[in-house]
Structure formats: structure tokens, C-alpha cells
Amino acid sequence: DFDGLRIRNPFNMPKSALIMQVDGVERLNFVSSKAQQFPIFGVSASNSLDLLNSRVSNHVNVDLEDSSETLSAIAEVYGDVKPVAGKTTSSLKPSVYPEDKDFLYKVAIINELTDKIKAKSSVPHLVTVRISLTELASVHGGSSSAAFADAKKILTRAVENLIDAAENSNEGNVLVATITSKDDLSRAKRATAEQRMEVPTDLNLAKSYSSNYPVIFNIILWFGVVLFFALLAICYAIADMDPGRDSIIYRMTSTRMKKDN
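In short, a report on the structure. Keep in mind it's a predicted model, so treat the numbers as computed, not measured.

## Topic: the overall build of the chain
Phase 1: Helix and strand counts for the chain stand at eight helices and four strands.
Phase 2: Each helix (α) and strand (β) of the chain, taken in turn from the N terminus, gives the series β-α-β-α-α-β-α-α-β-α-α-α.
Phase 3: By the burial criterion, 31% of the 261 residues in the chain qualify as buried.

## Some remarks on the packing of helix 2 (residues 67-78) against helix 3 (residues 98-120)
Phase 1: Here helix 2 crosses helix 3 at 5 degrees, and the two axes come no closer than 11 Å. Here helix 2 lies roughly parallel to helix 3, going by the angle between them. Where helix 2 abuts helix 3, its residues Ser 67, Thr 70, Leu 71, Ile 74, Val 77 and Tyr 78 lie against Tyr 105, Ile 109, Leu 113, Lys 116, Ile 117 and Lys 120.
Phase 2: Of the residues in the contact of helix 2 with helix 3, the class split is eight nonpolar, two polar and two charged.

## So, the pattern of salt bridges
Phase 1: Scanning the model with the defined rule gives one salt bridge in all.
Phase 2: Salt-bridge contacts for Lys 106 lead to Asp 102; the nearest nitrogen and oxygen are separated by 3.1 Å. Here Lys 106 pairs with Asp 102, and both are found in helix 3, just four residues apart, close to one helical turn.
Phase 3: With a relative accessible area of 5%, Lys 106 lands in the buried category.
Phase 4: Asp 102 sits in the partly exposed class, given a relative accessible area of 30%.

## Brief notes about the side chain of His 140
Phase 1: As for its position among the elements, His 140 is in the loop between helix 4 (134-139) and helix 5 (146-169).
Phase 2: Within the local environment of His 140, its side chain forms a polar contact with the side chain of Asp 100, the two groups lying 2.8 Å apart.
Phase 3: Dropping the residues within four chain positions of it, His 140 is found in contact with Ser 91, Tyr 97, Asp 100, Ser 145 and Ala 147.

## Quick notes on the sheet that holds strand 1 (residues 16-23)
Phase 1: With parallel pairing, four strands are arranged side by side in an open sheet as 2-3-1-4. Single-partner strands in this sheet number two, and they are strand 2 (59-63) and strand 4 (174-181). The mean inter-strand angle of the sheet, taken between neighbouring strand axes irrespective of direction, is 10 degrees.
Phase 2: Summarising the sheet, strand 1 and strand 4 pair through eight bridges and their orientation is parallel. The residue of strand 4 that forms the bridge with Gln 21 is Ile 179.
Phase 3: Where helix 5 meets the sheet, it contacts strand 1, strand 3 (126-132) and strand 4, and its direction lies at approximately 175 degrees from that of strand 1.

## Thoughts on the environment of Phe 38
Phase 1: Here Phe 38 shows up in the loop between strand 1 and helix 1 (45-55).
Phase 2: Along the primary structure Phe 38 and Ile 179 are separated by 141 residues, whereas in three dimensions their C-alpha atoms are 9.7 Å apart.

## Let's talk about a nonpolar patch on the surface
Phase 1: Among the surface-exposed residues, Tyr 209, Tyr 213, Phe 217, Leu 221 and Trp 222 lie close enough to one another that they form a single nonpolar patch of about 570 Å² accessible area.
Phase 2: Assignment of secondary structure puts Tyr 209 in the loop between strand 4 and helix 6 (213-239).

## Quick notes on the packing of helix 3 against helix 5
Each pair of packed helices gets described by two things: the angle between the helix axes and the distance between those axes.
Phase 1: Closest axis-to-axis distance for the helix 3/helix 5 pair is 9 Å, and the angle between their directions is 15 degrees. Judged by the angle between their axes, helix 3 and helix 5 are roughly parallel. The hand of the helix 3/helix 5 crossing is left-handed. On the side of helix 3, the interface is formed by Phe 103, Leu 104, Val 107, Ile 110, Asn 111, Leu 113, Thr 114, Ile 117 and Lys 118, while helix 5 contributes Ala 151, Ile 154, Leu 155, Ala 158, Asn 161, Leu 162, Ala 165, Ala 166 and Ser 169.
Phase 2: Its residues placed into classes, the contact of helix 3 with helix 5 shows 13 nonpolar, four polar and one charged.

## Observations concerning the environment of Ser 132
Phase 1: When you line up the elements, Ser 132 lands in strand 3.
Phase 2: C-alpha of Ser 132 to C-alpha of Phe 103: the two residues are 29 residues apart in sequence and 8.7 Å apart in space.
Phase 3: A polar contact of 2.9 Å, which involves the side chain of Ser 132, links it to the side chain of Thr 134.

## Things to note about the pairing of strand 3
Phase 1: Along strand 3, seven of the seven residues are buried, which leaves the element largely enclosed by surrounding structure.
Phase 2: The alternating pattern of strand 3 places Leu 126, Thr 128, Arg 130 and Ser 132 and Val 127, Val 129 and Ile 131 on opposite faces, both of which are buried.
Phase 3: With seven bridges joining them, strand 1 and strand 3 adopt parallel strand pairing. From the neighbouring strand, Leu 18 faces strand 3, where its bridge partner is Val 127.
Phase 4: Looking at chain direction, strand 2 and strand 3 are connected through five bridges and run parallel. In the strand pairing of strand 3, Asp 63 is matched with Arg 130.

Conventions and cut-offs
Residues numbered from 1 in each chain as written. Predicted model: local features only at pLDDT ≥ 70, side-chain atom pairs only at ≥ 80, totals over all residues. Heavy atoms only, no water. Helix = DSSP H or I, 4+ residues; strand = E, 2+ residues; numbered from the N terminus. Buried < 20%, exposed > 50% of the residue type's maximum accessible area, 1.4 Å probe, protein only. Axes fitted to C-alpha atoms, helices over the stretch in contact; angles between N-to-C directions. Parallel < 35°, antiparallel > 145°, perpendicular 65-115°, else oblique. Contact = heavy atoms within 4.5 Å. Nonpolar A, V, L, I, M, F, W, Y, C, P; charged D, E, K, R; others polar. Salt bridge = Lys/Arg side-chain N within 4 Å of Asp/Glu carboxyl O. Polar contact = N/O pair within 3.5 Å; in protein donor to acceptor, adjacent residues only side chain to side chain. Pairing = 2+ DSSP bridges. Patch = residues over 30% accessible without salt bridge, like charges linked within 9 Å, V, L, I, M, F, W, Y side chains within 5 Å. Areas by Shrake-Rupley, 256 points an atom, 1.4 Å probe, with all protein chains shown as cover. Left-handed = near helix turned anticlockwise from the far one by under 90°.

The analysis is restricted to geometry; functional conclusions fall outside its scope.
Encoded structure:
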């Protein structure tokens, strides 16, 4: 059983979900101590995110392996996007390695999405971000290189800023998950939109309720419980009542004997 997801407050459920998939990295070292790590097993995370995006209407799929499609998806929600690559490091050389330039451009897209969320103060119901560091690692000699370490730090900082922006815009009502997988360097090409699995139309999904449903349900539930026990106590008190001793009606209407003077 997976115990990493718990409902702490049924009256304040998350309104949005932010899911990030990072390939080629075993883990991201977040500064926040609230981050919990759990191993997951099963089908490919990419296929699961594709299926999840197909079921949620209000979503933004930031697939950084296809930058043009990603910019269009962000522009549909937040308007024009003009990412500008940030400063490089001594180990990352975008003028020499195209993979370094591509990575910095992808991080710039994440930063641009962060700025858009801050400016608009709104997050769609589902935001998925996918990025891979396998090509960068293959160019610089693996995950133990200085360039890979710098790239990991830059990406971690960008992801943390994105998480903070999403939480601030929704008053903390955001479910955040980061999926990392340290796969081999021969990464399979991601399926295109036409090649992705077809989702059946008859999914037998549950009815969608408003965010006030758990509040109203809890009010009715606990009011019913209190009313039941109150009625039970009243019935027990009436059944155990002694009319001659406990009832004020019998005391006030009792006949009094007259005295002859």
C-alpha cells in the first residue's frame, strides 16, 4: 500500500495538481524539508501522464521534448511566451554543445511559466512538466560530471520556483509531485500526439462535484449524528421519567385537602 498521500483537511482539498517528470536523474535535492520521497513501480510515467491529460479538460502539458508544442500550450492559457535563456556556468557551454543550449532553453521555458503563473495568479487544474537530462549526461560523460551537477542544480532551482508560484497562486491548495527516473542513455523517442494511446470514450468515470461538496457533506453528516444522539437522550429521559416526582405538571395540579376551621 502507498502511504505517501493522505487527506489532512477534508475542508481544504487541493484545487490543482502540478506533476513534473524528470528523466535521467535519480532524485532532485529540494531545499524544503517537507518533500517526501517514495519509490514507485509500474507502467511508464509518460503514458500515465498522457492518460491523465486526456481526462482533465483544464490542463497544460509542458512537454519540453517538443518546445514548439509546449509554447503553444502555454500561450493558450497565459498568452504569448518569450523564453530567454539564463546565465550559463563554467561547465555548461551552449556555444560548444547544442545539448547545453537546448537544456538552458528548456529551463527558460519553465521560468517563463513560473512568471506567467505569478502574474496571472492562477493555475489550471492540471500542469504536467516533462524534461530529460539523458542527452546532456551522454555528452558530458555521465551523471558524475560537473556539467551534469550544475544542470541538476539549475533545474532544481527552477522547479522550486515553479512550485512556490503555484502554491502562492492557489493559497497552498496544490498537489505537487515530482517523478524522477534514472534510465539508461538510450532513451526511447517520445510518442507523438498521433501515436499516443487512444483513450476510450466510455470510461465510466464518477460524477464531478464542486469544491463545496465535502463541506456540505460533513455538515449534514455531523449534524445528523448530533441530532440522533440528542433525540436518543431525550427519548431515554422521557421513558425513565417518574410523573409523580419528576414532572412539574403533576406537582402544580395536585389536589390539596381543605382544613375545617
